[in-house]
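Survey of secondary and tertiary structure
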Amino acid sequence: MIVVTGATGNIGRSLVARLLEEGAVVRALTRDPARAGLPDRAEVVRADLGEETDLTPLLTDADALFLNLAAGGGEAASRLIDAAAKAGVRRIVLNSSLSVTDTPADETNFIARNHAALERAVRDSGLEWTFLRGGNYATNALNWAPAVRESGVVRDPHPGAQGVPVHEADLADVAAVALLDDTGTHRNQTYLLTGPESLTNAQQVAAIGEAIGRPTRMEQISEDEAAEAMSGPHFPIEAARELIRLFGESVDAPLFPVSDAVERLTGRPARPFAQWARDHAGDFS
Ligand SMILES: NC(=O)c1ccc[n+]([C@@H]2O[C@H](COP(=O)([O-])OP(=O)(O)OC[C@H]3O[C@@H](n4cnc5c(N)ncnc54)[C@H](OP(=O)(O)O)[C@@H]3O)[C@@H](O)[C@H]2O)c1
């Protein structure tokens with residue numbers, strides 16, 4: 001049986017569906033089963049991972065755990081790793097990040113630091129692990145949805161910044177391969193996961209326009225204005241500034257090279273951003 005954290009999230013929802021298709025028994029964790037809208041065939045269990053409760057019962061009878069930092073944050077993830085070891089879980093597939101480089105640079109930015117710490121905790125647990133270092137997620141473009149719906153004009157400090165947007169369904173498909181592996185091929189492996197092509201922010205906005213059949217464009221704003229808009233209770237303004245500066249560096253060359261890992265691991269090409277935009281046209285209309 002496989003336990004999925006963040007089961008109603010971008011990756012989690014796709015992953016639950018994929019695992020069920022593969023005939024796996026799935027325990028899907030959510031803070032609110034009544035609103036989760038998860039398939040009946042999954043065992044849907046209420047879990048607020050931010051609460052100071054014993055997490056071990058969530059992992060009883062589980063062989064594998066899909067661990068997503070988005071589900072409750074770093075402290076919750078650490079407690080879940082301990083609980084997994086106690087409950088006899090064999091394997092953790094960790095949703096990590098391409099920002100982790102295994103160099104001292106990992107300590108210099110918020111996102112890399114948090115994911116690197118989690119990778120260390122998983123390694124130290126003694127369980128089998130697979131690290132999925134994905135980035136940048138196509139779902140980041142959902143931040144543009146209100147602007148696209150209102151005016152079609154997306155304000156951003158770096159219209160020319162290049163990304164390699166990866167579809168959440170590809171991340172989920174790779175996670176399923178690693179979770180269901182019975183050959184040991186993916187044991188203690190790290191995978192760099194990107195979309196199939198490098199695209200600027202402006203090109204991504206144009207692809208969304210095409211998917212919804214309405215004109216869209218980007219308008220450049222200052223980095224400060226963008227950092228204010230991006231920061232929030234769980235994302236400090238300094239972290240937002242770091243990230244925006246980093247995106248600025250990708251105007252001349254993408255931060256991450258395109259990886260072929262999705263195709264190697266799943267046997268089919270990674271989904272292009274244009275497909276992601278079509279899949280999410282409803283979010284932008
Ligand atoms: N964005 C990127 O470019 C990028 C790049 C690399 C890595 N990442 C990683 O990917 C993560 C995002 O993955 P995602 O997009 O699949 O996440 P997501 O869509 O934001 O889903 C997070 C899920 O976690 C659950 N959750 C939130 N708080 C919880 C709590 N206290 N206890 C239990 N569950 C809780 C929520 O489900 P309920 O409301 O149902 O409880 C939610 O559906 C990031 O946090 C980061 O670690 C992102």
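Please read all numbers here as calculations on a predicted model, not as lab measurements. The numbers attached to residues start from 1 for each chain and follow its sequence in the written order. Residues qualify for local features only when their pLDDT is at least 70, as the model is predicted, and side-chain atom pairs are given and counted only at 80 or more; totals for whole chains, interfaces and linings, by contrast, use all residues. Note that the side-chain values use all heavy atoms of the structure and ignore hydrogens as well as water.

**Brief notes about the environment of N109**
- The topology assignment puts N109 in the loop between β5 (91-97) and α4 (110-124).
- Think of it in three bands: residues with accessible area under 20% of the maximum for their type are buried, residues over 50% are exposed, and the middle band is partly exposed, with areas taken using a 1.4 Å probe on protein chains only. Residue N109 is classed as buried on the basis of its relative accessible area, which comes to 18%.
- Expressed as a C-alpha distance, the spacing of N109 and L243, which sit 134 residues apart in the sequence, is 8.1 Å.
- Looking at N109, its side chain comes within polar contact range of the main-chain nitrogen of I111, at 3.1 Å.
- N or O atoms closer than or at 3.5 Å make up a polar contact, with two conditions inside protein: a donor-capable atom paired with an acceptor-capable one, and, for residues adjacent in sequence, both atoms drawn from side chains. Within the local environment of N109, its side chain forms a polar contact with the backbone nitrogen of A112, the two atoms lying 3.0 Å apart. A helix here means a DSSP run of H or I that spans at least four residues, while a strand means a run of E at least two residues long, and both kinds are numbered starting from the N terminus.

**Quick word on the packing of helix α3 (residues 74-87) against α4**
- Each axis is a line fitted through C-alpha atoms, taken for helices only over the stretch in contact, and angles between the N-to-C directions span 0 to 180 degrees. Where α3 contacts α4, the two axes come as close as 10 Å, and the packing angle between them is 10 degrees. Relative to α4, the element α3 is oriented roughly parallel. Touching G74, A77, S78 and I81 of α3 are L118, A121 and V122, all from α4.
- Following the grouping adopted for this structure description, the nonpolar residues are Ala, Val, Leu, Ile, Met, Phe, Trp, Tyr, Cys and Pro, the charged ones are Asp, Glu, Lys and Arg, and the polar ones are all others, Gly among them. Looking at the contact of α3 with α4, its residues break down into 5 nonpolar, 2 polar and no charged. By the definition adopted for this analysis, an angle is roughly parallel if under 35 degrees, roughly antiparallel if over 145, roughly perpendicular if from 65 to 115, and oblique otherwise. Whether two residues are in contact is decided by their heavy atoms: any pair within 4.5 Å suffices.

**Thoughts on α3**
- If you check α3, its first and last C-alpha atoms are 20 Å apart, about what 14 residues at 1.5 Å a residue would give, namely 20 Å.
- Those residues of α3 lying buried are A76, A77, L80, I81, A83 and A84. Taken down its axis, α3 places every buried residue within 170 degrees of arc, on the same side. Opposite the buried face of α3, at more than 90 degrees from it, the exposed residues are E75, D82 and K86. Helix span, expected: 1.5 Å multiplied by one less than the number of residues in the helix. Note that the arc is defined by the directions from the helix axis to the C-beta atoms.

**Some thoughts on the side chain of T130**
- Structurally, T130 is set in strand β6 (residues 128-134).
- Reaching out from T130, the side chain makes a polar contact with the backbone oxygen of H186 at a distance of 2.7 Å.
- Each residue touching T130, except ones within four places of it in the same chain, is listed here: I92, V93, L94, A178, H186, Q189 and Y191.

Geometric descriptors of this kind do not, in isolation, establish any biological role.
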